[in-house]
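Structural description and commentary
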Amino acid sequence: MRVAGALLLVLGCEARSDPGPGRAAQVSTASDTGRPAAPKKSDERAAEREALFRSVEREAEVHDPRVLAALRRVPRHRFVPAPLSDRAYEDRPLPIGHDQTISQPTVVAVMTAAVAPASTDRCLEIGTGSGYQAAVLAELCARVYSIEYLAPLARFAEENLRGAGYLEDRVMLRTGDGYRGWPEAAPFHVIVVTAAPESVPKPLLSQLAAGGRLVIPVGPEGAVQELELWTRTGSGDGPNAFDRRTLMAVRFVPFLGEGR
Ligand code: SAH
């Protein structure tokens, strides 16, 4: 796998708290009859998504057809601040304000493929950010629970997810510190952490179902971190209950709150 950069720490761009008029009117589609069809959200900018994820498939060696289909369906341009909409299909992280970013598409693809979500799975995401990764999981799983630490971003994600049609039943959002997970909804078959703590929060490991997979960037702030995949292979919380693999070097924003 030839992947290096993930989430850059850059930024200084304000996240918009309203979706803005630019989002709704991105693309209009025409039916075979020549009459304008009611635009389906999954059709908006589909050609750009197709090109992006064909390249991601080749470069990052992500071949899971369900994951690729999900990535082709989710309108990433609806999850970036409106002024950056034109850049939504570049394989780059983009600023969403508050020193945070929407992850690079390659990284979302690698992380999602690593946890191999099944249609009956219950998923937990820590770090809702823009809501994009939650939408990708919602395409693949039965239910997605996602926690965001920063209240303005939690609102941004909620608006994006609602605008793209993901909030009706499958995605549950919470604002707060994801360190302790979401005990009332545990155990989870899939846990995706999109900010980097120095070590894996123990409550998240203990909320992993039998056979469940957790993907997480681990390492010090500002340095290169390792993307780790943990699989529950036994009961209890001891080191023998998990298989741990390192996937690749990444750079994520730091985990805030208790895990800091
Ligand atoms: N998954 C997001 C990526 C967002 S970047 C997306 O698809 O857009 C990481 C996010 O994790 C940021 O929004 C940050 O505020 C959030 N975060 C950091 N520490 C957290 C914590 N302890 N609990 C919940 N969210 C956290």
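Residues numbered from 1 in each chain as written. Predicted model: local features only at pLDDT ≥ 70, side-chain atom pairs only at ≥ 80, totals over all residues.

Let's shift gears to the overall build of the protein. Scanning the protein for helices and strands turns up seven helices and nine strands. Looking at the protein as a whole, 46% of its 260 residues are labelled buried. Restricting to contacts in the protein with at least 6 residues of sequence separation, those with at least 24 account for 61%. (Helix = DSSP H or I, 4+ residues; strand = E, 2+ residues; numbered from the N terminus. Buried ≥ 20, exposed ≤ 12 C-beta atoms within 10 Å, placed from the backbone. Contact = placed C-beta atoms within 7 Å.)

The interhelical angle for the contact between helix α2 (residues 46-60) and helix α4 (residues 105-115), taken along N-to-C directions, is 60°, at an axis separation of 10 Å. Looking at the two axes, α2 sits oblique to α4. Seen along the crossing, α2 lies across α4 with a hand that is right-handed. Facing Leu52, Val56, Glu59 and Ala60 of α2, the residues of α4 in contact are Pro105, Thr106, Ala109 and Val110. (Axes fitted to C-alpha atoms, helices over the stretch in contact; angles between N-to-C directions. Parallel < 35°, antiparallel > 145°, perpendicular 65-115°, else oblique. Left-handed = near helix turned anticlockwise from the far one by under 90°.)

Every one of the 26 residues lining the ligand counts as a neighbour, but Gly127, Gly129, Ser130, Gly178 and Ala195 are closest to it. Listing elements by their share of the shell around the ligand, those giving two or more residues are β2 (100-102), α5 (132-140) and β4 (143-148). No other element matches the three residues that β2 contributes to the shell around the ligand. Within the shell around the ligand, the residues separate by chemical class into 13 nonpolar, eleven polar and two charged. (Near = placed C-beta within 6 Å. Nonpolar A, V, L, I, M, F, W, Y, C, P; charged D, E, K, R; others polar.)

Let's shift gears to the sheet that holds strand β6 (residues 188-193). Pairing between the strands of a sheet is mediated by backbone hydrogen bonds and can be parallel or antiparallel. Reading across the sheet, the seven strands line up as β5-β4-β3-β6-β7-β8-β9 and stay open at both edges, with mixed pairing between neighbours. With one partner strand each, in any of the chains shown, β5 (171-175) and β9 (242-250) form the two edges of the open sheet. When the angles between neighbouring strand axes are averaged without regard to direction, this sheet yields 15°. Here strand β8 (residues 225-232) runs beside β9; their pairing, made up of eight bridges, is antiparallel. Bridge pairing links leucine 227 to methionine 248 in β9. (Pairing = 2+ DSSP bridges.)

Attention now goes to unusual backbone geometry. Here the bond from alanine 186 into proline 187 is cis, since omega is 5°, no more than 30 degrees from zero. Mapped onto the elements of the fold, proline 187 is located in the loop between β5 and β6.

Attention now moves to the nonpolar core. Among the nonpolar cores identified, the biggest contains 68 residues, and Ala109, Cys123, Ala135, Leu137, Ile191 and Val192 are the most heavily contacted of them. With eight residues, the top contributor of residues to this core is α4. Excluding residues within four positions of it along the chain, alanine 135 makes contact with Val74, Leu161, Ala164 and Tyr166. (Core = buried A, V, L, I, M, F, W, Y, C linked by C-beta atoms within 7 Å.)

This next bit is on the confidence of the model for the protein. When pLDDT is averaged along the protein, the result is 86, and 84% of the positions lie at 70 or above. pLDDT under 50 marks residues 1-36. Its contacts with residues more than four places away, or in other chains, come to 74 contacts. (pLDDT = per-residue confidence, 0-100.)

Moving on, we come to helix α3 (residues 65-73). Val67, Ala70 and Leu71 are the residues of α3 that are buried. Taken end-on, α3 shows its buried residues confined to a sector of 100°, consistent with a single buried face. Away from its buried face by more than 90 degrees, α3 exposes Pro65 and Ala69. Packed against the buried residues of α3 are α2, α4 and α5. (Arc of directions from axis to C-beta.)

Relative to the helices and strands, isoleucine 216 resides in strand β7 (residues 208-218). Given 26 C-beta atoms within a 10 Å radius, isoleucine 216 is considered buried. Measuring from C-alpha to C-alpha, the distance between isoleucine 216 and methionine 111 comes to 8.3 Å, with 105 residues separating the pair along the chain. Sequence-distant contacts of isoleucine 216, defined by excluding residues within four places in its chain, comprise Val193, Val200 and Glu228.

This brings us to the environment of methionine 172. Residue position: methionine 172 is located in strand β5. Given 15 C-beta atoms within a 10 Å radius, methionine 172 is considered partly exposed. Here the alpha-carbon distance between methionine 172 and arginine 143, two residues 29 residues apart in the chain, equals 7.8 Å.

Before going further, it helps to examine the packing of α3 against α5. Close contact between α3 and α5 brings their axes to 9 Å; oriented N to C, the two are set at 125°. With respect to each other, α3 and α5 are oriented oblique. Here α3 and α5 pass one another in a crossing that is right-handed. Note on element contacts: α5 touches α3 through Val136, Glu139 and Leu140, opposite Arg66, Ala70, Leu71 and Arg73. For the contact of α3 with α5, a count of residues per class yields four nonpolar, no polar and three charged.

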